[in-house]
Amino acid sequence: MENKDNLLGVVRTLYRWRKQILGLSFLAAIGTAGISLLMPNFFKATTVFLAASPDLARPDILYGKSIGGQPYGSGNDIDRILTIAESKELGDYLIDTFKLFEHYRIAPNQPKSYVWAREKLFSRMEIIKTKRDAIQLTFEDVDPQLAARIANAARERINYLSQEVIKGNQRKNLASYESGLIVKERILQELADSLTKLRAKYKIYNTRQVSTDLSERYIIAKGSYSRFKGRWESMKNNPRIPRDSVAFTEATMKGYQASG
C-alpha cells in the first residue's frame, strides 16, 4: 500500500505541473531544432588505400631478377602508416598547403598557432584499418571540395613519408656497405704496397717463374734430405765409420730438412 501511495503522489505532482512540463519540452524541442538549423553542414570525403610492402623497393625486384616478395604490407607496415597519419609532418604540410590558418580563423603569428591548427585538423580526420587490412582515411569539412582535396592530399603525403622512411633505412644500409668497401679497398692497397716493396727488395719480377723455381728447389731439397737421411741411418750404428763423418752427414740432412 505504501508503494502505491508513493506512486500516486508522483502522478499527482506531474499532473499538477503538466502545463509547465509540456511547455518546457516544447521550448527544448524548438531550441534543439533551431540550433541544428544554425549549425553548418559538414561533408565527409573518404579514400581507401593499401599499405605497400618494403619488398617492392628491393633491387632484385626493381631490375626484374626476382618474382618473389609480398606486394602488400604486413601489420608493421600498416602501423607505420597509422603513425605517420598522426605526425606533425603531415599536419604542418596540410596546414601550409591549404592555408588552414585562414580557413580555421587562427592567427598564424601566435606561439601555438600550429598546435591549435593541428588539433582542429586532426579532430576532423579519421584514419582506421578496415577488416580487410586496408587503410580508410576520412576527412570532413563544411566545404565538400576542400574535404575531398585534403583527403586525397593526405593520402599522397602519407605514401610519400612512408616511402621516405623505407628509403632512409636503405640509404643507411648503403652507407654502411660503402664504408666497409672503403676499408677493404684500403687494406687491399696496403697489401699491394707491401707486395711491391717485397718484390723490389728480393728482386722478384716474374712471380710465375719464381714459383716454378721454388717448386723445383723444394723437390730437389726433399730428395736430398731423403738420401742423406738414409745414409745417416746406415752410418750412425756402424762403429767402424768415424764419428765426424756421421756428424757431418747428420748436419747435412738437417740442413736439407730446414730448407724444405
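Residues numbered from 1 in each chain as written. Predicted model: local features only at pLDDT ≥ 70, side-chain atom pairs only at ≥ 80, totals over all residues. Heavy atoms only, no water.

Caption draft 1: Spatial organisation of the overall build of the protein. In terms of helices and strands, the protein carries 10 helices and 3 strands. Counted from the first residue to the last, the protein has its helices and strands arranged as α-α-β-α-α-α-α-α-β-β-α-α-α. Counting only residues that meet the buried cut, the protein has 22% of its 260 residues in that class. Within the protein, contacts between residues separated by at least 24 positions form 56% of all contacts whose residues are at least 6 apart in sequence. Working note: accessible area of the protein is about 19700 Å², and carbon and sulfur atoms make up 57% of it. (Helix = DSSP H or I, 4+ residues; strand = E, 2+ residues; numbered from the N terminus. Buried < 20%, exposed > 50% of the residue type's maximum accessible area, 1.4 Å probe, protein only. Contact = heavy atoms within 4.5 Å. Areas by Shrake-Rupley, 256 points an atom, 1.4 Å probe, with all protein chains shown as cover.)

Caption draft 2: Summary view of the pattern of salt bridges. Summed over the entire model, instances satisfying the criterion amount to 6 salt bridges. Asp77 is paired through a salt bridge with Arg80; the nearest N and O atoms lie 3.1 Å apart. Taken as a pair, Asp77 and Arg80 lie in helix α4 (residues 75–85) at a separation of 3 residues, close to a single helical turn. Note on accessibility: Asp77 and Arg80 belong to one class, buried. Of the charged contacts in the structure, one is a salt bridge between Lys88 and Asp92, with a shortest N-O distance of 3.0 Å. Linking Lys88 with Asp92, this pair stays in helix α5 (residues 88–97), spanning 4 residues, or about one helical turn. Salt bridges sharing partners connect three or more residues here, namely Lys88, Asp92 and Arg118. (Salt bridge = Lys/Arg side-chain N within 4 Å of Asp/Glu carboxyl O.)

Caption draft 3: Fine view of the side chain of Arg118. Take Arg118: it is sitting in helix α7 (residues 113–123). Setting aside residues up to four positions removed in sequence, Arg118 forms contacts with Lys88, Gly91, Asp92 and Ile95.

Caption draft 4: Layout of the pairing of strand β3 (residues 135–141). β3 sits mainly inside the fold: 5 of its 7 residues count as buried. In the sheet, strand β1 (residues 43–49) pairs with β3 via 7 bridges, with the strands oriented antiparallel. In the sheet register, Phe49 faces β3, and the bridge partner there is Ile135. Direction of pairing for strand β2 (residues 125–129) relative to β3: antiparallel, over a ladder of 5 bridges. Looking across to β3, one finds that Ile128 is bridged to Gln136. (Pairing = 2+ DSSP bridges.)

Caption draft 5: Broad picture of a nonpolar patch on the surface. Taken together, Val183, Ile187 and Leu191 make up a surface patch of nonpolar side chains, about 270 Å² in accessible area. Note that Ile187 resides in helix α8 (residues 144–202). (Patch = residues over 30% accessible without salt bridge, like charges linked within 9 Å, V, L, I, M, F, W, Y side chains within 5 Å.)

Caption draft 6: Inspection of the packing of α5 against α7 at higher detail. The contact between α5 and α7 brings their axes to 10 Å, and the two run at 95°. The orientation of α5 relative to α7 falls into the category roughly perpendicular. Seen from α5, the contacting residues are Lys88, Gly91, Asp92, Leu94, Ile95 and Asp96; seen from α7, they are Tyr114, Ala117, Arg118, Leu121 and Phe122. Each residue belonging to the contact of α5 with α7 can be placed in one class, and the counts come to 6 nonpolar, 1 polar and 4 charged. (Axes fitted to C-alpha atoms, helices over the stretch in contact; angles between N-to-C directions. Parallel < 35°, antiparallel > 145°, perpendicular 65-115°, else oblique. Nonpolar A, V, L, I, M, F, W, Y, C, P; charged D, E, K, R; others polar.)

Caption draft 7: Expanded view of the side chain of Asp77. Note on Asp77: relative accessible area 7%, which makes it buried. A distance of 3.1 Å separates a polar atom in the side chain of Asp77 from a polar atom in the side chain of Arg80. (Polar contact = N/O pair within 3.5 Å; in protein donor to acceptor, adjacent residues only side chain to side chain.)

Caption draft 8: Layout of the sheet that holds β3. As summarised here, the arrangement of the 3 strands in space is β1-β3-β2, forming an open sheet in which the pairing is antiparallel. Bordering the open sheet on either side are β1 and β2, each of which pairs with just one other strand. Pairwise comparison of adjacent strand axes, ignoring direction, gives a mean angle of 15° for this sheet. Against the sheet, α4 contacts β1, β2 and β3, and its axis sits at roughly 170° relative to β2.

Caption draft 9: Layout of the packing of aromatic side chains. Tallied over the full model, the rule gives 1 aromatic pair. Centroid distance Phe101 to Tyr114: 4.9 Å. Interplanar angle 80°. Geometry classified as edge-to-face. On the criterion of sequence distance, the pair formed by Phe101 in helix α6 (residues 100–103) and Tyr114 in helix α7 is long-range, its members being 13 residues apart. When the ring centre of Tyr93 is taken as reference, the NZ or CZ atom of Arg157 above it lies at 4.1 Å. (Phe/Tyr/Trp six-rings, centres within 6.5 Å; stacked < 30°, edge-to-face > 60°. Lys NZ or Arg CZ within 6 Å of the ring centre and 35° of its normal.)

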